[in-house]
Amino acid sequence: MDGLPRLWNHELTVANYTMHEGAGTAVDDFDIRSRLCLSCHDGTVALDSFGGQNGSTFIGTGENLGVDFTNDHPVGSDAQYPPDPQPVWWTGAFVDASTLPREVGLEEWVDGSLVVHEVVSCVTCHEPHNEDGLDMLSTTNNASALCLTCHLK
Ligand code: HEC
Ligand code: HEC
Ligand code: HEC
């Protein structure tokens, strides 16, 4: 599997999604780290499906993002950074990608023709190891600080 980190034995999601920009799939429209997260959080793969075994315990409703992302912040192919074309809903600018802090990292999304794009990912906003009492956010969102690292207002 292209780009799959080592020490990962959980079954990967192959779900179909409704993205902001239309129909999408886990395989074609997500950077690998977002796909790892979605392999529990889209609710289609059991938490205990690993090592080739099919599990039966699924993520709880509070943490289940489902397969319709139109109500969520864009990630993966929906969220190339900087966005091109500039989205119509946002007349402000985006912070220069090279100046984003380390905590707000962009991931690489590789589409079918092997073009690499930098994209907003689950791990852009979330630190999965829950450091610093930040409730699994990569940096504080007090006064929208996390959002304003990218969105210039
Ligand atoms: C192996 C399954 C699995 C994977 C993979 C996984 N999660 Fe989770 N995640 C869970 C479960 C289960 C919970 C609920 C934990 C609880 O209720 O205590 C959870 C909870 C969360 C929460 C809510 C925490 C809170 O305090 O409310 C966030 C945010 C989260 N996960 C983000 C991520 C991100 C980002 C990734 C990818 C880097 C990821 N998860 C990968 C299973 C997973
Ligand atoms: C633009 C930033 C951003 C991105 C991208 C993002 N999240 Fe979140 N997420 C948040 C914020 C902010 C919260 C609310 C945290 C809080 O209130 O403590 C949250 C909450 C959550 C929760 C807790 C349940 C809920 O709905 O409130 C889960 C689970 C979660 N995110 C998983 C993910 C996964 C998986 C991805 C990738 C598909 C993702 N997030 C992408 C910012 C983001
Ligand atoms: C890493 C940079 C980054 C961060 C951090 C970030 N955003 Fe975004 N956001 C983007 C990009 C890029 C898009 C546009 C994607 C596109 O349309 O191509 C976007 C799109 C949006 C949209 C439009 C979604 C839609 O329906 O089209 C909203 C609303 C938004 N962001 C709010 C937030 C909020 C709230 C936060 C903080 C929780 C946040 N953003 C954090 C980069 C970021």
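This write-up is about the structure you can find in this document.

Scoring rules and cut-offs
Residues numbered from 1 in each chain as written. Chains lettered and ligands numbered in written order. Predicted model: local features only at pLDDT ≥ 70, side-chain atom pairs only at ≥ 80, totals over all residues. Heavy atoms only, no water. Helix = DSSP H or I, 4+ residues; strand = E, 2+ residues; numbered from the N terminus. Buried < 20%, exposed > 50% of the residue type's maximum accessible area, 1.4 Å probe, protein only. Near = heavy atom within 4 Å. Polar contact = N/O pair within 3.5 Å; in protein donor to acceptor, adjacent residues only side chain to side chain. Nonpolar A, V, L, I, M, F, W, Y, C, P; charged D, E, K, R; others polar. Donors = N, O, S within 2.8 Å, 3.2 Å for Na, K, Ca; no water.

In this fold, Ser-49 is placed in the loop between helix H2 (32-41) and strand E3 (107-110). According to the relative accessible area criterion, Ser-49 is buried, its value standing at 3%.

The environment of ligand 2 is made up of 15 residues, and the closest members are His-73, Cys-122, Cys-125, His-126 and Asp-135. Within the side chain of His-126, one N or O atom sits 2.8 Å away from a nitrogen atom of ligand 2. Mapped by element, the contributors of at least two residues to the shell around ligand 2 are H2 and helix H3 (122-125). Per-element accounting of the shell around ligand 2 gives the leading share, three residues, to H2. In terms of residue class, the shell around ligand 2 is built from eight nonpolar, five polar and two charged.

Attention now goes to the coordination of the iron atom of ligand 1. The sole protein-derived ligand of the iron atom of ligand 1 is His-41 (NE2), positioned 2.1 Å away. Note on placement: His-41 falls in helix H2.

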